[in-house]
Amino acid sequence: MCGIVAYVGKKPCQSLLLEGLKRLEYRGYDSAGIAVIQDGALRLCKAVGRVSNLEDKLESIGNFSGTIGLCHTRWATHGGVTEANAHPHTDDRNGIAVIHNGIIENYAALKTYLQEKGHVFKSQTDTEVLAMLIGELYEGDLEKAVQAALREVTGAYAIAVMCEREPGTLVVARKGSPLIVGIGADEFIIASDASAIVAHTARAITLEDYNVVRLTAEGFRTSTIHDVPVTPRIEQLELELQEIELSGHSHFMQKEIHEQPKALRNCFRGRLDAKDGRVILGGLADHGKQLTNLRRVVLTAQGTALHAAMIGEYMIEDLAKIPSIAEYASEFRYRNPIIEDGTVVVAVSQSGETADTLAALQEARERGALSLGVINVVGSSISRNTDAGVYLRVGPEIGVASTKAFTGQVAVLAMVTLFLARRRFMSADQCADLIRALETVPDKIEAILAQNDRIRRVTEKYVERDNWLFLGRGYNYPTALEGALKLKEISYIHAEGMPAAEMKHGPIALINEGMPAVFLANRGRQYEKVMSNIQEVRARGGHVIAVATEGDEEIRRYAQDVLYVPDIPECLSPMLTVVPLQLMAYHAAVLRGHDVDKPRNLAKSVTVE
Ligand code: G6P
């Protein structure tokens, strides 16, 4: 969602700020803005749409030359997509400018209070309320005014603030939204994610919730919102610049689909021991006893991560024999869930910042659950709020439509399942067999990727159709959901995923001549049943695209198009069957002329509820 970049130092900063903002474009946004203090005066420019629109506008009004500045990409929450609502927001008295990621929940009450004090608002945003509040409390010390204002607000924020009256001082703070302070030579680059910083420095301060940092070109001071000094945690950012570049690919999504073999090899490295039939997960080692005595597993997530969590649910019940359920975090947290002794809650999230997932996790912890994270982004909010966890290690995912994170999440959940299963009923031999099968996944994905051209040709046949079905059973029911989600996210084609059996209970009414129905029809316990469902679609004129197991010639009699995946134990098959669906979605979006990496209305990381 919203992206933040700020700078204070000795160099003119406009180009650095805009370059950082472009690195954050993948997060999803609908307007952009920049402010710098130039010759003691605040200069501001905002534009609706892409960062390139902002650049054009700056060009026409004359570029800014100050050495302190803020810029922002906004994903609309409070108020429509307009220039007035774009950040930075300013107060009406002191030349204070604020950029903000998150939501100020009590903004309406604060706005009334400020209006009564005579402040006049120009936007509908919660952020302008924060800017005015800081202005109202300002008595010549920006750091103190920010601390005081943040003591009054509830909600989530990552903010950067500057003020005409203290032209060399930048104040930043966070609670619940990510913010990293990069430390350069005589300069600081602040951003909501490391990708906007790594081109300049790898040293960074990682802030805790309620931390405030006052920065000048000469140095910094860290405190809490109650002005208690804090010793900063300085870390090396692990992100490499080439990991966030396209490296010859047309889109990040394409790059990430093709990176999956490498990403999974990295995910498995040092964790699989086929010889002894065991999985080594350092992040869970300290909780061995609690995990042996588990009575229930609740997996919670949103979006693609929920589909991976559903596969985890199936695996944990099937192989580790522990009652499990996967649930939308947004539902779980508000339905007054019962957490009994022996419950573990597993939060699955690529970004580790999804607001609902974080909130569900906190709710479960308060009710006494042990919490685990299956997260990609190291040091993210969720990973810092769990008792233990396993990182995906698939590298940064930039494409809004999640691909390698999904296969990474399923891979980690498979390892967690084996870790738990070995503590209960699974023999070392059984575990060793599954480990050996897991080790084949990267090579098998490579074999599927080699069929890219054929998958594109199949997609081309159906790309004009506006309604698609995705159907699967058992382990591949969540894959069907994921296939449908991928297609609608980036190609804007209406697609529904469902258990194949459910089709007869309503959706079958949609099937008409030539409607594409994608079946996950690889070999498994319910293969015969899937075949029956395929015939039901064919009988009504639907066109079947089957994802089937190599060597299954029989299926050609039923499906118009067959995309083959290598054989693998059924529980691991979603890591293979999803790959043709990812490629179909990608090609459909490209063929329809859409911007694959910047799909309309979507955000990579949804940091508001
Ligand atoms: C957004 C993204 C999805 C993602 C979901 C959960 O909706 O567009 O791709 O699956 O958030 O994100 P997380 O970072 O928690 O995995």
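Residues numbered from 1 in each chain as written. Predicted model: local features only at pLDDT ≥ 70, side-chain atom pairs only at ≥ 80, totals over all residues. Heavy atoms only, no water.

Observations concerning the domain arrangement of the chain
Our working rule: Where each domain starts and ends comes from a domain assignment, either automatic or drawn from a database. In this description, contact between two residues means that some pair of their heavy atoms is separated by no more than 4.5 Å. What counts as buried area is the accessible surface, traced by a 1.4 Å probe, that two parts surrender upon association, with contributions from both included. Any carboxyl oxygen of Asp or Glu within 4 Å of a side-chain nitrogen of Lys or Arg constitutes a salt bridge here. Throughout this description, a polar contact denotes any pair of N or O atoms lying within 3.5 Å of each other; where both atoms belong to protein, one of them has to be capable of donating a hydrogen while the other can accept it, and for residues adjacent in sequence the pair is counted only when both atoms sit in side chains. Here a helix means four or more residues in a row that DSSP labels H or I, a strand means two or more in a row labelled E, and each is numbered from the N terminus.
You can read the domains of the chain as domain 1 (3–243), domain 2 (246–439) and domain 3 (447–595). With centres defined by C-alpha atoms, the gap from domain 2 to domain 3 works out at 25 Å. Counting from both sides, the interface comprises 28 residues of domain 2 and, opposite them, 25 residues of domain 3. The contact between domain 2 and domain 3 buries some 2,400 Å² in all, and 74% of this surface belongs to carbon and sulfur atoms. Of all residues in domain 2, I257, H307 and Y314 bury the most surface against domain 3, accounting for 21% of the area lost on that side. Where domain 2 touches domain 3, the interface holds one salt bridge. The salt bridge involving D318 is made with R525; its shortest N-O contact spans 3.0 Å. If you look at where domain 2 meets domain 3, you find ten residue pairs in polar contact (both at pLDDT 80 or more). Counting only elements with at least two residues in the side of domain 2 that touches domain 3, the list comes to helix 6 (252–258), helix 7 (260–268), helix 9 (303–320), helix 13 (404–422) and helix 14 (428–449).

A word on the pattern of salt bridges
As enumerated under the stated definition, the model contains 40 salt bridges in all. Here R233 makes a salt bridge to E208, at a shortest N to O gap of 3.0 Å. Here R233 is found in strand 14 (residues 233–236), whereas its partner E208 is found in the loop between strand 11 (203–206) and strand 12 (211–216), with 25 residues between them in sequence. Because the salt bridges share partners, they merge into one network encompassing D92, R93, K117 and E136.

What about the site of the ligand?
Inclusion rule: When we say a residue is near a molecule or strand, we mean one of its heavy atoms is within 4 Å of it. Only the protein chains shown count as cover for residues, with accessible areas throughout obtained via the Shrake-Rupley method and a probe of 1.4 Å.
Near the ligand you find 14 residues, and of these S349, Q350, S351, T354 and A603 are the closest. In this structure, S351 approaches the ligand through a side-chain N or O atom, which is 2.6 Å from an oxygen atom. A distance of 3.3 Å separates an oxygen atom of the ligand from a polar backbone atom of V400. Summarising the interface, the protein chains cover 91% of the accessible area of the ligand, which totals 390 Å² for the free molecule.

Observations regarding the sheet that holds strand 17 (residues 296–301)
Rules: A pair of strands is treated as paired once DSSP finds two or more bridges between them. Orientation is described by lines fitted to C-alpha atoms, with helices fitted over the stretch in contact, and by angles between N-to-C directions that extend from 0 to 180 degrees.
One open sheet holds the five strands; their spatial order is 18-17-19-20-21, and the pairing between them is parallel. The sheet terminates laterally at strand 18 (324–328) and strand 21 (388–391), the two strands that pair on one side only. When strand polarity is set aside, the average angle formed by the axes of neighbouring strands in this sheet is 20 degrees. The pairing of strand 17 with strand 19 (residues 343–349) spans five bridges and is parallel. When the bridges of strand 19 are listed, V298 appears paired with V345. In this fold helix 11 (residues 355–366) packs onto strand 17, strand 19 and strand 20 (370–375), with an angle of close to 165 degrees to the strand it touches most, strand 19. In this fold helix 13 packs onto strand 17, strand 19, strand 20 and strand 21, with an angle of close to 160 degrees to the strand it touches most, strand 19.

Description of the sheet that holds strand 9 (residues 180–183)
Reading across the sheet, the eight strands line up as 3-2-4-1-10-9-11-14 and stay open at both edges, with antiparallel pairing between neighbours. Every other strand in the sheet has two partners, leaving strand 3 (41–48) and strand 14 as the edge strands with one partner each. On average, each strand axis in the sheet is tilted by 20 degrees relative to the strand beside it, whichever way the strands run. Each of strand 1 (3–8), strand 2 (31–38), strand 4 (68–74) and strand 10 (188–191) touches helix 1 (residues 14–23); the most contacted strand, strand 1, lies at about 160 degrees to it.

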